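Spelled out from the first residue to the last, the chains are:
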Amino acid sequence: MSLQVKKNTFAAWWQTRNEMEKVKAKKHLGQHFLKDESVAKAIADTLTLKGYDEVLEIGPGMGVLTKYLLEKPITTHVIEIDTESVAYLDAHYPKLKDKIISQDFLKYNINEVYQNKQFAIIGNFPYNISSQIVFRTLELRDQIPEFSGMFQKEVAERICEKKGSKTYGILSVLAQAFYDTEYLFTVNENVFIPPPKVKSGVMRMTRKEDYSLPCSEKLFFTVVKTAFQQRRKTLRNSLKTLNLSDNLREDTIFDKRPEQLSVDEFIELTLKIETDGVQS
């Protein structure tokens, strides 16, 4: 590496460090500001730009990821609950004019902006609400063909996990029912201000070409959530509250524990329960 390149790299790092000090990370919002430009660019580059021309960044903070999104041939909106960060973004990113949503993503009616159009979601997600962001994305799956970003490493792994693992659970099954999931790369603690106590992981979800289920989606969600609430028990015991017939409960699938069932097997199970007469 030449001396000039080293100087430029240090200058960029120093500028980023100083910028990060302008907005204080707030613990109650789960904020950890990413300071590594190469990681930010790598996250932005997880977008495939297929099937949409708009992207929503959740929790942009001071825009370390945003700047790379603004370079792409898509329209970028950001949604940020921290008013201090909103003011910073407004002052430093003129390209975001009229595209900063000062709201809570979990409560905001996103169609005030997107009006039922297709859009991707990306972000360095606050750890304390990251799972809720995924569940909200699943609710909006008709509009979200792609979702990528950074989570606590264990959460990113859980979303992508397959059957048979102790970390395979509700989030794994529900996400994989509608999306293909990929764990992309791990991010160390020292690239954040302040550094979290755990490693982070970046993952991507790509909506399946056919993401409709052959069973009641409401009942499917109920079956998955009910089964994993007592994951150490067999399905015969954990699903007692669904008032299944004695004949159905003799099916060998009920001898298994929930982590032993693939997504397709959970769909099969839901169809059996639906046929048995349980109301969705």
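Above this text is the structure in question.
Predicted model only: the values in this text are computed from it and were never measured.

(A) Structural detail: the overall build of the protein. For the protein, the count of helices and strands is 12 helices and nine strands. Taking all 280 residues of the protein together, the buried fraction comes to 49%. Surface exposure of the protein reaches about 14,100 Å², of which carbon and sulfur atoms provide 49%.

(B) Looking closely at helix α8 (residues 170-178). When you tally the buried positions in α8, you get eight out of nine residues, the bulk of the element. Of the positions making up α8, those classed as buried are Leu171, Ser172, Val173, Leu174, Ala175, Gln176, Ala177 and Phe178.

(C) Main features of the side chain of glutamine 143. Among the secondary structure elements, glutamine 143 is positioned in the loop between α6 (130-139) and β6 (146-152). Polar contacts involving the side chain of glutamine 143 include one to the side chain of asparagine 111, which spans 2.8 Å. In this view, glutamine 143 contacts Asn111, Tyr114, Asn116, Lys117, Gln118, Phe119 and Arg207; residues no more than four positions away in its chain are not counted.

(D) Region of interest: the pattern of salt bridges. This structure, assessed with the given rule, holds 15 salt bridges. Counted as one network, the salt bridges with shared partners bring together Lys41, Asp45 and Lys72.

(E) Representation of the nonpolar core. Phe220, Leu239, Phe266, Leu269 and Ile273 are the most contacted members of the largest nonpolar core, which has 55 residues in total. Here the element with the most residues in this core is helix α9 (residues 217-229); it accounts for seven residues. Every residue in contact with phenylalanine 266, bar those within four places of it in the chain, is listed here: Tyr168, Val173, Phe220, Val223, Val224, Ala227, Phe228, Pro258 and Leu261. By size, the runner-up hydrophobic cluster in this structure holds 20 residues, among which are Val64, Leu65, Met150 and Val187.

(F) Looking closely at the sheet that holds strand β2 (residues 54-58). Read across the open sheet, the seven strands follow the order β4-β3-β2-β5-β6-β9-β7; overall the sheet is mixed. For this open sheet the edge positions go to β4 (100-101) and β7 (179-187), each flanked by a neighbour on one side alone. Alignment of strand β5 (residues 120-124) against β6, held across four bridges, turns out to be parallel. Its bridge partner lying in β6, asparagine 124 is registered against methionine 150. Where helix α2 (residues 37-44) meets the sheet, its contacts fall on β5, β6, β7 and β9 (200-207), and the angle it forms with β7 comes to roughly 170°.

(G) Fine view of the side chain of glutamate 57. Along the polypeptide, glutamate 57 turns up in strand β2. With no salt bridge to any partner, buried glutamate 57 finds its closest opposite charge in lysine 67, at an N-O distance of 9.7 Å. Every residue in contact with glutamate 57, bar those within four places of it in the chain, is listed here: Leu65, Thr66, Leu69, His77, Val78, Ile79, Ile122 and Gly123.

(H) Region of interest: the packing of aromatic side chains. As enumerated under the stated definition, the model contains eight aromatic pairs in all. Considering the side-chain rings of phenylalanine 125 and phenylalanine 147, the 5.3 Å spacing of their centres and the 15° angle between planes classify their relative orientation as stacked. Of the two residues, phenylalanine 125 is situated in the loop between β5 and α6 and phenylalanine 147 in strand β6; the sequence distance between them amounts to 22 residues. The exposure class of phenylalanine 125 is buried, given its relative accessible area of 2%. Looking at arginine 141, its charged tip hangs above the ring of phenylalanine 178, at a distance of 4.1 Å from the centre. Just above the ring of phenylalanine 135 sits the side chain of lysine 225; from NZ or CZ to the centre is 5.7 Å.

(I) Looking closely at the pairing of strand β3 (residues 75-79). Counting buried positions over the five residues of β3 gives four, a clear majority of the element. Relative to β3, β2 is paired through five bridges, and the arrangement is parallel. In the strand pairing of β3, glutamate 57 is matched with valine 78. Sheet topology note: the β3/β4 ladder contains two bridges and is parallel. Among the inter-strand pairings, isoleucine 79 is bridged to a residue of β4, identified as isoleucine 101. At this point the chain moves from β3, through helix α4 (residues 83-92), to the parallel β4, and the crossover so formed is right-handed.

(J) Representation of the environment of glutamate 54 in the model. Checked against the element boundaries, glutamate 54 lands in strand β2. Sequence-wise, glutamate 54 and threonine 75 are 21 residues apart; in three dimensions their C-alpha atoms are separated by 4.7 Å. Discounting residues that sit within four places of it in the chain, glutamate 54 has contacts with Thr75, His77, Tyr114, Lys117, Gln118, Phe119 and Ala120. Looking at glutamate 54, its side chain comes within polar contact range of the side chain of lysine 117, at 2.8 Å.

So, how was this worked out
- Residues numbered from 1 in each chain as written.
- Predicted model: local features only at pLDDT ≥ 70, side-chain atom pairs only at ≥ 80, totals over all residues.
- Heavy atoms only, no water.
- Helix = DSSP H or I, 4+ residues; strand = E, 2+ residues; numbered from the N terminus.
- Buried < 20%, exposed > 50% of the residue type's maximum accessible area, 1.4 Å probe, protein only.
- Areas by Shrake-Rupley, 256 points an atom, 1.4 Å probe, with all protein chains shown as cover.
- Polar contact = N/O pair within 3.5 Å; in protein donor to acceptor, adjacent residues only side chain to side chain.
- Contact = heavy atoms within 4.5 Å.
- Salt bridge = Lys/Arg side-chain N within 4 Å of Asp/Glu carboxyl O.
- Core = buried A, V, L, I, M, F, W, Y, C linked by side-chain atoms within 4.5 Å.
- Pairing = 2+ DSSP bridges.
- Axes fitted to C-alpha atoms, helices over the stretch in contact; angles between N-to-C directions.
- Lys, Arg positive; Asp, Glu negative; His and termini not counted.
- Phe/Tyr/Trp six-rings, centres within 6.5 Å; stacked < 30°, edge-to-face > 60°.
- Lys NZ or Arg CZ within 6 Å of the ring centre and 35° of its normal.
- Right-handed = clockwise from strand over helix to strand, strands pointing away.

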